[in-house]
Amino acid sequence: MKFSSKINMPKFSQFQSRIQKVQKFVDSEVIRKCDPYVPFETGMLRDSVKFGTKIGSGKIRWIAPYAQRQYYKGSAAGKRGRRWGERAIANHGDEIIRGAQKKLNEGK
């Protein structure tokens, strides 16, 4: 018995492009989903993520001088408060993953 098969794999550049689009989506969604959890007084902390993050890098940073202190030891007011990233991912992580998978499948 003889068996033959052909797998159509995307070229590396096409695959890399798809992955980059998915990473940009994930970064943007994480920032968007974290927004309602970030402590807010003047908006500087919330907005500092725009300057500390290069969308598509996979690294999201709030760069306000007091961001780290707020993240670990800040006070809470309703939804907003410390460890906003962890709480946002706990509540919306599956949704972000489904969106990323959908984006990855669109590139086929």
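Please read all numbers here as calculations on a predicted model, not as lab measurements. (Residues numbered from 1 in each chain as written. Predicted model: local features only at pLDDT ≥ 70, side-chain atom pairs only at ≥ 80, totals over all residues. Heavy atoms only, no water.)

Novice: Break down a positive patch on the surface for me, with residues and values.
Specialist: There is a patch of like positive charges on the surface, built from Lys-21, Lys-24, Lys-54, Lys-102 and Lys-103. For the positive patch, the secondary-structure elements that each account for two or more residues are helix H1 (12-34) and helix H4 (84-106). Tracing the chain through its elements places Lys-102 in helix H4. (Patch = residues over 30% accessible without salt bridge, like charges linked within 9 Å, V, L, I, M, F, W, Y side chains within 5 Å. Areas by Shrake-Rupley, 256 points an atom, 1.4 Å probe, with all protein chains shown as cover. Salt bridge = Lys/Arg side-chain N within 4 Å of Asp/Glu carboxyl O. Lys, Arg positive; Asp, Glu negative; His and termini not counted. Charge placed at Lys NZ, Arg CZ, Asp CG, Glu CD. Helix = DSSP H or I, 4+ residues; strand = E, 2+ residues; numbered from the N terminus.)

Novice: Account for the confidence of the model for the protein chain, naming residues and giving values.
Specialist: In this model, the protein chain carries an average pLDDT of 90, and 89% of its residues clear a pLDDT of 70 or more. At the level of individual helices and strands, the protein chain shows its lowest average pLDDT in H1, which scores 92, and its highest in helix H2 (residues 44-52), which scores 97. (pLDDT = per-residue confidence, 0-100.)

Novice: Describe the side chain of Lys-33, with residues and values.
Specialist: Along the polypeptide, Lys-33 turns up in helix H1. Here Lys-33 is in contact with Ala-88, His-92, Glu-95 and Ile-96, once residues within four sequence places are set aside. (Contact = heavy atoms within 4.5 Å.)

Novice: Hey, could you go over the pattern of salt bridges for me, with residue numbers and the actual values?
Specialist: Applying the stated rule across the entire model yields six salt bridges. The salt bridge partner of Asp-35 is Arg-46, with a shortest N-O separation of 3.8 Å. Separated by 11 residues along the polypeptide, Asp-35 in the loop between H1 and H2 and Arg-46 in helix H2 bring together distant segments of the chain. Residue class for Asp-35 comes out partly exposed when judged on its relative accessible area of 30%. The class for Arg-46 is partly exposed, based on a relative accessible area of 26%. Between Asp-47 and Arg-46 there is a salt bridge, with its nearest N and O atoms 2.9 Å apart. With relative accessibility at 23%, the residue Asp-47 sits in the partly exposed group. Each of the salt bridges in this network shares a partner with another, and the network as a whole consists of Asp-35, Arg-46, Asp-47 and Lys-50. (Buried < 20%, exposed > 50% of the residue type's maximum accessible area, 1.4 Å probe, protein only.)

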